[in-house]
Structures are given as structure tokens and as C-alpha cells.
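Fold and geometry: a report
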Amino acid sequence: GAGVSQSPSNKVTEKGKDVELRCDPISGHTALYWYRQSLGQGLEFLIYFQGNSAPDKSGLPSDRFSAERTGGSVSTLTIQRTQQEDSAVYLCASSQRAGAQETQYFGPGTRLLVL
Amino acid sequence: GESVGLHLPTLSVQEGDNSIINCAYSNSASDYFIWYKQESGKGPQFIIDIRSNMDKRQGQRVTVLLNKTVKHLSLQIAATQPGDSAVYFCAESNTGKLIFGQGTTLQVKP
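Owing to the predicted nature of the structure, the values given are computational and were not obtained by experimental measurement.

Calculation criteria
Residues numbered from 1 in each chain as written. Chains lettered and ligands numbered in written order. Predicted model: local features only at pLDDT ≥ 70, side-chain atom pairs only at ≥ 80, totals over all residues. Heavy atoms only, no water. Contact = heavy atoms within 4.5 Å. Buried area = accessible area lost by both parts, 1.4 Å probe. Salt bridge = Lys/Arg side-chain N within 4 Å of Asp/Glu carboxyl O. Polar contact = N/O pair within 3.5 Å; in protein donor to acceptor, adjacent residues only side chain to side chain. Helix = DSSP H or I, 4+ residues; strand = E, 2+ residues; numbered from the N terminus. Nonpolar A, V, L, I, M, F, W, Y, C, P; charged D, E, K, R; others polar. Phe/Tyr/Trp six-rings, centres within 6.5 Å; stacked < 30°, edge-to-face > 60°. Buried < 20%, exposed > 50% of the residue type's maximum accessible area, 1.4 Å probe, protein only. Disulfide = S-S within 2.5 Å. Pairing = 2+ DSSP bridges. Axes fitted to C-alpha atoms, helices over the stretch in contact; angles between N-to-C directions.

**A closer look at the interface of chain A and chain B**
Every contact between the two is made by 22 residues of chain A and, on the other side, 21 residues of chain B. Contact between chain A and chain B buries roughly 1,700 Å² in total, counting both sides, with carbon and sulfur atoms accounting for 51%. If you sort the residues of chain A by the area they bury against chain B, A:L43, A:A100 and A:Q101 come out on top, with a joint share of 33%. Taken together, chain A and chain B are joined by one salt bridge. A salt bridge links A:D56 to B:K97; the shortest N-O distance between them is 3.8 Å. Applying the counting criterion to the chain A and chain B interface returns ten residue pairs in polar contact (both at pLDDT 80 or more). Put simply, the parts of the chain that give the side of chain A that touches chain B at least two residues each are strand 4 (31–37), strand 5 (43–50) and strand 9 (105–106) of chain A. A class-by-class count of the residues in the side of chain A that touches chain B yields ten nonpolar, nine polar and three charged.

**Thoughts on the packing of aromatic side chains**
Inspection of every chain in the model, using the stated rule, returns twelve aromatic pairs over all chains. A ring pair is formed by A:Y33 and A:Y48, whose centres lie 4.6 Å apart and whose planes are at 15°; its orientation type is stacked. Separated by 15 residues along the polypeptide, A:Y33 in strand 4 and A:Y48 in strand 5 bring together distant segments of the chain. Residue class for A:Y33 comes out buried when judged on its relative accessible area of 0%. Overall, A:Y48 belongs to the buried group, its relative accessible area being 1%. With centroids separated by 5.6 Å and ring planes inclined at 85°, the aromatic side chains of A:Y35 and B:F100 adopt a geometry described as edge-to-face. Of this pair, A:Y35 sits in strand 4 while B:F100 sits in strand 10 (residues 99–100), each in a different chain. Considered together, A:Y35 and B:F100 belong to a single accessibility category, that of buried residues.

**Here we look at the environment of A:S94**
Residue and element names in this part refer to chain A. Topologically, S94 is positioned in strand 8 (residues 88–95). On the accessibility criterion, S94 (0% relative accessible area) is buried. Residues in contact with S94, not counting those within four places in the same chain, are V4, P25, I26, H29, A31, L32, Y33, T103, Q104 and Y105. Reaching out from S94, the side chain makes a polar contact with the side chain of H29 at a distance of 2.8 Å.

**Digging into the state of the cysteines**
All names here are of chain A. One pass over the full model with this rule turns up two disulfides over all chains. Between the sulfur atoms of C23 and its disulfide mate C92 the distance is 1.9 Å. Its S-S torsion of about -65° marks the bond between C23 and C92 as left-handed, since a negative value means left-handed. Of this pair, C23 sits in strand 3 (residues 19–24) while C92 sits in strand 8; the two residues are 69 residues apart in sequence, bridging distant segments of the chain. C92 carries the same exposure label as C23, and that label is buried.

**Quick notes on the sheet that holds strand 6 (residues 65–69) of chain A**
Residues and elements named next belong to chain A. Ordered in space as 1-3-7-6, the four strands form an open sheet in which the pairing is antiparallel. Strand pairing shows two members of the sheet lacking a second neighbour, strand 1 (5–7) and strand 6, which therefore form its edges. Sheet twist, expressed as the average angle between the axes of neighbouring strands with direction ignored, equals 15°. Here strand 6 pairs with strand 7 (residues 75–79) via five bridges, running antiparallel. Each residue of the ladder has a partner; that of A67, found in strand 7, is L77.

**Here's the deal with unusual backbone geometry**
The omega torsion across A:S7 and A:P8 is -10°, close enough to zero to call that bond cis. Of note, A:P8 is situated in the loop between strand 1 and strand 2 (10–13). Non-glycine residue B:K71 carries a positive phi angle of around 50°. The backbone of B:A79 shows a phi angle near 50°, a positive value even though the residue is not glycine. Within the secondary structure, B:A79 sits in the loop between strand 8 (72–77) and strand 9 (86–93).

Right, here's the structure in full:
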């Protein structure tokens, strides 16, 4: 019943460590999206899971970033060997179906700080 | 490349006045547009959307106008309230992934 949830809400890590960010989409939503929002900036697309189709990974900034979506529901965004420039708010969204005209609903985000 | 931009970074209005937030987009193939509101420390909240086959759409106290000729989008908020203070983002899509503008901060003066 609830909206998109994300965990943890805040994460502080040291440079070089790996982090995993979790997203629980709205129940029944087949499409899931990850975006990144740097301080004072807009939202930058990262990756898009389109139901059973291959994910659109065109927004991932480097090969240190990867994401999985298990069982068509929960998704995990992994950042390996974190760098200070990875510090940002990572936002997850879901929509009922995949497609260009589907409303995306956002979670509260995970605030990542890399020291 | 694709881009969505906002004309003004900050808009200050008196409580009770109407607010108009503008947005320009560059991809003429975009067929879906959304306005989001983001309060400090929270994720973006859906306000209203419009498809490219429409010029205007109204919600509760909000209206979105789409001018495809000049690739311009606007959000009108009637009788602006203190609770409307936030950053407003426009976004466009034609593939599913959203392309966002930088955001406009709306400040409502009591």
C-alpha cells in the first residue's frame, strides 16, 4: 500500500569502500528507475528496469556502478570503490508499467556521503 | 543532446498570489511532461503531467500549459500558500527515462 521505500536513508562511507542501496517499489509496479541528485543539481538518470526487458543502463556513469532487480520487485544499486564525487542523493522511482507516458513515483532517497 | 532547462532559478511570491514557473525543453520528440515538487530532504512528489496531444491540463490549484511550437512548459499555481514553498522540477520523456531540468525554487512570503 505504501509508496516507494529506500534504505538506508543515509550512508556515510570511506573512499574505496563498496556500498549497496536498496529500493522497494510500489507493489505491482513493473518498471523501476534509479536517478542521482547531486547537491543543488537536478536529477540524473542512471538505470531503468522495464519489466522483463533488458534494463536500460545508458545513464550509469562508470563501470563501478551496477544494479540488479531480483524477482521483478526489489532493486539494489551497488557502487564499488566509492569516490568522493559519488556523494549524492540516490533516488528510486517506480511506475505501473514500462513506457514513455507512465507516471513515476519517487522514494525518499538515500543520501550517500563518501569521505 | 537532450536538455530541459528552467528560465528562473528562484521565484518569490506573496502568499495568495498566483505563481508561474516556466520550463524550456529541447527534444521535439518528447511526448510526455511532468512537474514534480521537492521539499527539503524528501524525494520528488508528482504534481501534474501532460501528454503532447494536449495544450493544457488542470489539477487542484495547478495548471500545466504546453506550447509545442516553442517547446515551452509552464506550471501555474493558484493562490500560492506557504506549503507550496519547495523546488519545482519539470521533466520530459519519450523513452521512459525522465530528463529533468535544474529546478526552480519557489519562496512564498507571508
